[in-house]
Every structure is written in structure tokens, then in C-alpha cells.
Amino acid sequence: FWLQRGGTGRVGALFGPVMMVWFAVLAVLGAVGIAREPQVLAAVAPWHGARFLAESGFQGFVVLAAVFLVVTGGEALYADIGHFGRRPIRFGWFGFALPALLINYFGQGALLLGDPQASASPFFELAPGWALVPLVALATLATVIASQAMISGAFSLTRQAVQLGFCPRVPVSHTSAQLSGQVFVAPVNWMLMLAACALVVGFGSSSNLAAAYGMSVSADMVLTTLLLCAVAHARWGWKRAAFALAALLLPIDLAFFGSNLLKISHGGWFSLAIGGLVFLVMTTWQRGRRVLLERMEETALPLDLFLPDLELAKLPHVPRTAVFLTRDPEGTPLALLHNIRHNKVVHAQTLFFTLVTEDVPYVRESDRVAVKPLGDGFFRVLARYGFMESPNVPELLEQMRVPGLKIDRGQTSFFVGRETLIATGRSGMGRWREHFFAFLAQNALPATAYFGIPPNQVVELGVQIEL
């Protein structure tokens, strides 16, 4: 966790060679075991597993939870697609890690065919006696390093959740000048560290931890299959094929998930509780933002009424540029109304800036910004970003080329509304969730910091909004 701030690239350069040695050792040990009992390769045939389940009945169903961790690990790699892209993940998994694991598991099976007494620790029994201590040291290093995929994946997923409006804003640090997907999220890093330490102390045994992990991964596989089939049906146009895909994969995933349900009392409950908490935060934040936008639209003054009234007021113009950050791409920002009410001035150039996150990873530069002149120095700016991109408002404004609009960063002020949220119970999400949303909003990273706006150019105007 301490090394994460150095970036995925540096951490990977340090950890990568160790993992290469680890998987190579796995393959060598497995190959030695297979050479002693080559008949173990007959286990490739699926009818052995089917016969075992048919003869064992419910006991075979329970065994599924015990062996489930054999098929886990790949899901952590795929959480890192945002850091590395698809090709490196696929190459590393299918070209190196998966073959080494399969060879080693077959080697352990071969060892048990020749010596059933080795079932207490078949992995270490594969190695000669003199290699035990070095193998334990290498396994310890690999165990520590294996968390890297999950940690960096959590950074990437958190960033995407923020961009898509499912998570409060958090500070995101870019750790690579070449790859935009490599990020470090300090709050997530330290929360994971504290949670990991608390889990080890609280559960006290690896078997209980395995139960919690098995529950989370088996549920993840069921949801992944459902989402894959939904995407295949809705996006790829696979009509009947999507249902065939579900019929092929879901029975396997549901069998493992059902078997892991038997371990709820042994630690599986923790995974369900954490999943429920994360779901509560995400849905509360999404629903709360929607309600907040509706309340702001209810009180907003239509722009076609505001501009004529402003002309009649004949307020003095300040020779500067004002940028009002607003969620509403149509109405008049509340911060602008408060500024006029209190300061009685209008800036020479006034921009209503709205940032929209599209449900695509990246937005083409040609589609990035749309600027609409409104007259009398007013402009409506709509910026689009993908959920894998981090917006920087000052840089974007400087890059804009619009006739009649000239941005000088040193002569620009950014106005934002500092909302004080009041729970009323009329939003339909429950008063307690309104209080929870207000708490999340109060502790979220300010929009100005998230969008890269210098603090000394920010003017905050307080607004009370009843949810």
C-alpha cells in the first residue's frame, strides 16, 4: 500500500520479475508431478467431474465451495483493464499465468494419485525437501504482490464511478505521463489497507477469509455473466445467442454461488454486507444528485427571461471573464443570480460551463466542446468527457477557439455554488437517505479541486437547497 503512490508502472517493474519467477516455478513443479503420474491428464475429460457430482449428491455440491478458489484470480486482472488495456491483460493471463496454474494443479493431482497422504499440503510436497524454505519465501512474496491487481483495479473503478456519477468526488493523482488510465486514489488506498488489517485480525484464520472471498467472487461471476448477456443482447444484437450464452454459463456460476451460500455464517456474510454498503452509497449518491438537479431546475430562472431583465438593469461591466460552473445546461446558474444580487456587477465575458460525462471511455476531441453565444458577452459551454478521462477546466478553456471569446487565465474567475442541503423527506428517497446524501456531499472533494481550478481564482456563493 505504501508503494502505490509511485504508480502502477514503477510498482509493476518492481513486482513483475518476482511474479514471473513465481509462475515459472509453479509450471516446473507441476510438470515434474505430471511426469511421475501422466495419467492425471485424463482429468481434462469433463465426465469425471460430472460422475463425481452424480455419485456424491449433496456432499459433492458442498465440495464446490471448497475447491472454488482454484478458479479465482482472473477477475482481479480484468479489473485492471483501465490501467493496462485489453491486450496486455489477455496476453499475461492466457499466455503465461493460466497455463502455469493449470500445469501446477495437474501436478498436485498427479502427486495425490501416487501418494494420497500428501493431501495435507500437496503444493509444498511437490518440491524437494531442500527447496521448502525458498519456496515458502517466494510464496510469501507472491501473496503480498498478488494484492497489487486488486488495489490498482480499485483505483480505476473508483475513478470511473466518480465520472459516471455513482460515487462522491475523491482526489485522483495521475502516475504516468504516457497512460491516462494509471491513477492513484489515496483515500481508497488507505481504506483498503485499514480494512485488510482489520479483516486479518477479525477473522483470525485463512479458512474464514476464504469463505468471505469465495462468496464475493462467486457473486461477482454471476453478475458478470448477467451483464455480459445483457450487453450482448442490447449492444451487440445477439438476440437468441445471448440467451444461449446465459444457458451455458449461468448454471456453472449459480452452482458455485449456491455452494458458497452455505458459508455465510463462516465469513461469507461480510462480503454481502460490504457489497450492500457500497450499493447503498452508489445508489444514494446517484439518486441524490438527480434530486438536487431537479430542485435547482425548479428554482432556476429561465435564460430567456434573465437576459432581457439584465439589459434593463444596466449594471456596470467588469473587464474580466467569469466562469459559472453549473449542472443545469439550460437555466441560469444560481451563483450568477446571487453574485448580481450582492455585488451589482456583470463581467465582460460570462460563461455558463456544464460538464457532462458520457457512457464511453473516451470522447473524440472534435466532440469535446460545444459553445453557444447568447449575446452581450454571455456564452453557454457544454464539455463532454468519457468516464476514463479526467477533466481540467482551465486547460480546456484556454484551448477553445471561438470568435468573440478570448480567455486569459490570469483574468478569469470561477464561480461555484456551495450548496447547503436540507433534508425534507419529500424527495421519495427517505429522510435518512437525504441526510446520508448531505453527509456524502459535504465530505466530497470540491468540484473546483477535482476540475483542476486554482483555489485563488474561485469564488464560492452559498445556496440553501431543500431536498
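Quick caveat, the model's predicted, so the values are computed rather than measured.

### Let's talk about the packing of helix α3 (residues 58-67) against helix α11 (residues 240-261)
- Running from N to C, α3 and α11 point in directions that differ by 90°, and their axes come no closer than 8 Å. Taken together, the axes of α3 and α11 lie roughly perpendicular to each other. Facing Phe61, Val62, Leu64 and Ala65 of α3, the residues of α11 in contact are Ala255, Phe256, Gly258, Ser259 and Asn260.
- Across the contact of α3 with α11, the residue classes break down as six nonpolar, three polar and no charged.

### Topic: the sheet that holds strand β3 (residues 317-325)
- Spatially, β5-β6-β4-β3-β7-β8 is the arrangement adopted by the six strands of the open sheet, whose pairing is mixed. The sheet terminates laterally at β5 (369-375) and β8 (458-466), the two strands that pair on one side only. Pairs of neighbouring strands in the sheet enclose a mean axial angle of 25°, with direction left out of account.
- As paired elements, strand β4 (residues 346-357) and strand β6 (residues 378-385) share eight bridges and run parallel to each other.

### Let's talk about the pairing of β6
- Judged by how many residues are buried, β6 sits mostly within the fold: six of eight residues are covered.
- Two strands pair when backbone bridges link them, and β5 and β6 are joined in this way by six bridges, in the antiparallel orientation. Looking at the pairing, valine 371 lines up with valine 381 of β6.
- Linking β5 back to β6 in an antiparallel pair, the connection comprises two residues, with aspartate 376 at a positive phi of about 60°.

### A word on the packing of aromatic side chains
- Tallied over the entire structure, the rule returns 13 aromatic pairs.
- Summarising the aromatic geometry, the rings of phenylalanine 58 and phenylalanine 61 are spaced 6.0 Å apart at their centres and angled 35° between planes, so their arrangement reads as tilted. Within this pair, phenylalanine 58 and its partner phenylalanine 61 are both found in helix α3, separated by three residues, close to a single helical turn.
- Ring geometry for tryptophan 285 against phenylalanine 437: centres 5.3 Å apart, planes inclined by 50°, an arrangement best described as tilted.

### Quick look at the packing of helix α12 (residues 268-299) against helix α16 (residues 431-443)
- Running from N to C, α12 and α16 cross one another at 90°; their axes reach a closest spacing of 9 Å. The angle between α12 and α16 places the two elements in the roughly perpendicular class. Residues Leu280, Val281, Thr283, Thr284, Trp285, Gly288 and Arg289 of α12 form the contact with α16, whose own contacting residues are Trp432, Arg433, Phe436, Phe437, Leu440 and Ala441.
- Of the residues belonging to the contact of α12 with α16, the class tally is eight nonpolar, three polar and two charged.

### Things to note about the pairing of β3
- In the sheet, β3 pairs with β4 via seven bridges, with the strands oriented parallel. Within β4, the position partnered with valine 318 by the bridge is histidine 347.
- Considered for its hand, the β-α-β crossover made up of β3, helix α14 (residues 334-343) and β4 is right-handed.

### Looking at the pattern of salt bridges
- This model, assessed by the stated rule, comprises four salt bridges.
- Here glutamate 358 and arginine 384 are joined by a salt bridge, their closest N and O atoms 3.3 Å apart. Residue glutamate 358 is found in the loop between β4 and β5, and its partner arginine 384 is found in strand β6; the two are separated by 26 residues along the sequence.
- A cluster of three or more residues bridged by salt bridges with shared partners is formed by Glu365, Arg368 and Glu389.

### Some thoughts on empty space enclosed by the protein
- Counted according to the given criterion, the structure contains two cavities of 30 Å³ or more.
- Taken as a whole, the largest cavity spans an internal volume of roughly 50 Å³.
- Lining the largest cavity we find Met296, Ala300, Thr326, Asp328, Thr332, Pro333 and Leu334.
- A breakdown of the residues in the lining of the largest cavity according to their chemical character gives four nonpolar, two polar and one charged.
- Reported here for the second largest cavity is a volume of approximately 30 Å³.
- Taken together, Pro394, Leu397, Glu398, Ile407, Arg409, Thr412 and Phe414 make up the full set of residues lining the second largest cavity.
- Counting residues per element, the ones that place at least two in the lining of the second largest cavity are α15 (393-399) and β7 (412-422).
- Per-element tally for the lining of the second largest cavity: the top contributor is α15, with three residues.
- The residue makeup of the lining of the second largest cavity, split by class, is four nonpolar, one polar and two charged.

Definitions and limits used
- Residues numbered from 1 in each chain as written.
- Predicted model: local features only at pLDDT ≥ 70, side-chain atom pairs only at ≥ 80, totals over all residues.
- Heavy atoms only, no water.
- Axes fitted to C-alpha atoms, helices over the stretch in contact; angles between N-to-C directions.
- Helix = DSSP H or I, 4+ residues; strand = E, 2+ residues; numbered from the N terminus.
- Parallel < 35°, antiparallel > 145°, perpendicular 65-115°, else oblique.
- Contact = heavy atoms within 4.5 Å.
- Nonpolar A, V, L, I, M, F, W, Y, C, P; charged D, E, K, R; others polar.
- Pairing = 2+ DSSP bridges.
- Buried < 20%, exposed > 50% of the residue type's maximum accessible area, 1.4 Å probe, protein only.
- Phe/Tyr/Trp six-rings, centres within 6.5 Å; stacked < 30°, edge-to-face > 60°.
- Right-handed = clockwise from strand over helix to strand, strands pointing away.
- Salt bridge = Lys/Arg side-chain N within 4 Å of Asp/Glu carboxyl O.
- 1 Å grid on protein atoms, 1.4 Å probe; cavity = no way out; pocket = protein on both sides within 12 Å on 5 of 7 lines; lining within 4 Å.
- Points joined across faces, edges and corners; volume = space filled by probe spheres on them.

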